[in-house]
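Single-letter residue listing:
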Number of protein chains: 2
Amino acid sequence: MDIIRTISDLRAWRKTAGRLALVPTMGNLHEGHLALVHEAKKRAERVVVSIFVNRIQFGQGEDFDSYPRTFEADRARLEQAGVDALFLPDERELYPRIRQDYNVEPPHIQNELCGAFRPGHFRGVATVVSKLFNIVQPDVACFGKKDFQQLHVIKSMVEDLNIPVEIVPVDTGRADDGLALSSRNGYLSAAERAEAPRLQRELARIRDSLIDGDNDYAGLEQAARATLEQHGWQVDYVEIRQADTLELAHAGEKRLVVLAAARQGKTRLIDNIEIHR
Amino acid sequence: MDIIRTISDLRAWRKTAGRLALVPTMGNLHEGHLALVHEAKKRAERVVVSIFVNRIQFGQGEDFDSYPRTFEADRARLEQAGVDALFLPDERELYPRIRQDYNVEPPHIQNELCGAFRPGHFRGVATVVSKLFNIVQPDVACFGKKDFQQLHVIKSMVEDLNIPVEIVPVDTGRADDGLALSSRNGYLSAAERAEAPRLQRELARIRDSLIDGDNDYAGLEQAARATLEQHGWQVDYVEIRQADTLELAHAGEKRLVVLAAARQGKTRLIDNIEIHR
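- The name given to chain A in an unreviewed UniProt entry is Pantothenate synthetase, and the organism recorded there is Microvirgula aerodenitrificans.
- UniProt annotates chain A under Catalytic activity (unreviewed entry) with the comment "(R)-pantoate + beta-alanine + ATP = (R)-pantothenate + AMP + diphosphate + H(+)".
- Taken directly from UniProt, the Subunit (unreviewed entry) text for chain A runs: "Homodimer."

Written out as structure tokens, the structure reads:
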């Protein structure tokens, strides 16, 4: 596996790569990331994984400084997974002026759901993904459904700005008890870890009610929130939305997604579940 | 010359084009545009010119509706100039949802100089140029220095978002009396046309003073403004700026640009002059 640290080296490598798939990550890789790599390998001749903890998508008081950096373990996993190149730029390489002056500004959805609790997050995501696409020029890029709103923003951005990259969504990896795999799971204490799968169970409960024809979205959201709060969660949101647009859903809508973000102690977890009823 | 109206046809054509130069225009082509084509031909195997009057860079009350559309004359000129392809998308092709949801947002410079008088203009320019670059994927693109602030925004955007396109600035084409060539010159009455070269003459007068070592930027700006107003101009701005950054210039600065925008009747003219002293 080639380890590439500069944009100019990456561009030189890219010229020889043929059909190329990109898996953008922030490192601290788990089985969910390896599922992205696995999908990427099916879609292209070569696979490049990027590891970059992107400061501009973290807000004030968020975990940018403490975000786990586990380079040696990540490298070993990617090598074993058959990745062709690891793109590992430092901050100066992607942000030579420190600040980013030109940003890709998403529409109002950037201020809803997770965006309501993380101002500027989706602008930072859209901007760094644009930069990575411009640098790597992949034919295809794989993103996990665990970050459902992120996936929506990236798919919409690619369409709206005519970016010549195919976006491939990949199903969320889960632990045996249903907890969505996430780098932030490592922050959980043993007790918090034992409690964490309740988030997914509450979403599944809403799914079952929706499939049974329940259209009282506000009631379902409120019930899940109450259950989580009774079990010590601080709930940012539980929302039922239209699955393709992420807009508010009408009663009777057939394609839905239930999204939630809630905190166990200092750890913020997110999850979602899609419903075609 | 191939005439291409859809993104998918353009992308198919691009695959066969080799090293490619793009000249983005809004049509109503004059000798200034042909100078861009001439430069483009030196830089690449193939040249594609786009003609698209981009609604999102026009403000309320600006001349989007009346902007001259002269397709047959434009086609003949481009054919004669040896252009390989003309990209001619309609509005629905570039803005299928009518509105543009994801925009490239430039920094504060978008609200200065011309931006102070045309809110949203440079966002619209940056966004459509990003889209055209993503669609055409040129190796190089040519822009005129007449739109100096536009050129600055595009060069900075390309650098900041790592867009893999080389930007080539091309000198302003001028009439024999010094008036910068512009599609909007066609709006001028005979009397206004006779007066129009004064804009360039006032910029040249400032240049001469700067080269003589004058550092009273505000005084020079004010004198030019007063002269233009005495001759019936409505002056938006006359400003001396640092040439590379477009920031305010310090006394003694060696690389300067003087920029102006002023109206003769309903016609807004812009011009600029670079100084290395």
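**Overview of the relation of the copies chain A and chain B**
And step 1. Overlaying chain A with chain B gives an RMSD of 0.0 Å, the required rotation being 180 degrees about an axis along which the chain moves by 0.0 Å. Seen this way, the second copy is the image of the first under a two-fold rotation axis. Across chain A, the rotation axis passes nearest the C-alpha of Val104 of chain A, at a separation of 2.3 Å.
And step 2. Looking at chain A, 100% of its interface residues are interface residues in chain B too, so the copies touch through the same face.

**A word on the sheet that holds strand E8 (residues 234–242) of chain B**
Residue and element names in this part refer to chain B.
And step 1. Sheet architecture is open: three strands sit in the order E8-E9-E10, paired in antiparallel fashion. At either end of the open sheet lies a strand with only one pairing partner, and these are E8 and strand E10 (267–276). Within the sheet, the average angular offset between the axes of one strand and its neighbour, ignoring direction, is 10 degrees.
And step 2. Sheet topology note: the E8/strand E9 (residues 255–264) ladder contains eight bridges and is antiparallel.

**Some words on the UniProt feature "active site" (unreviewed entry) in chain A**
Residues and elements named next belong to chain A.
And step 1. Taking the UniProt record as the reference, the feature "active site" (unreviewed entry) is found at His33.
And step 2. With respect to the secondary-structure elements, His33 resides in helix H2 (residues 31–43).
And step 3. Take His33: its relative accessible area is 13%, and that puts it in the buried class.
And step 4. When residues no more than four places from it in sequence are discounted, the contact partners of His33 are Thr25, Gly27, Asn28 and Ser183.

**Topic: the domain arrangement of chain A**
Residues and elements named next belong to chain A.
And step 1. You can read the domains of chain A as domain 1 (2–170) and domain 2 (183–272).
And step 2. The distance between the C-alpha centroids of domain 1 and domain 2 comes to 26 Å.
And step 3. Contact residues are listed per partner, giving 22 residues for domain 1 and 18 residues for domain 2.
And step 4. Around 1700 Å² of area is buried between domain 1 and domain 2 when both sides are counted, 55% of it from carbon and sulfur atoms.

**As for the side chain of Asp101 of chain A**
And step 1. Note on placement: Asp101 of chain A falls in the loop between helix H4 (91–94) and strand E5 (103–105).
And step 2. On the accessibility criterion, Asp101 of chain A (12% relative accessible area) is buried.
And step 3. Within the structure, the side chain of Asp101 of chain A is placed 2.6 Å from the side chain of Arg99 of chain A, a separation counted as a polar contact.
And step 4. Not counting chain neighbours up to four residues away, the residues in contact with Asp101 of chain A comprise Glu105, Pro106, Pro107 and Asp160 of chain B.

Reading the values: the criteria
Residues numbered from 1 in each chain as written. Chains lettered and ligands numbered in written order. Predicted model: local features only at pLDDT ≥ 70, side-chain atom pairs only at ≥ 80, totals over all residues. Heavy atoms only, no water. UniProt positions renumbered as here; feature names shortened; annotations may be inferred. Least-squares fit on C-alpha atoms with pLDDT ≥ 70 in both. Contact = heavy atoms within 4.5 Å. Pairing = 2+ DSSP bridges. Helix = DSSP H or I, 4+ residues; strand = E, 2+ residues; numbered from the N terminus. Axes fitted to C-alpha atoms, helices over the stretch in contact; angles between N-to-C directions. Buried < 20%, exposed > 50% of the residue type's maximum accessible area, 1.4 Å probe, protein only. Domains from an automatic or database assignment. Buried area = accessible area lost by both parts, 1.4 Å probe. Polar contact = N/O pair within 3.5 Å; in protein donor to acceptor, adjacent residues only side chain to side chain.

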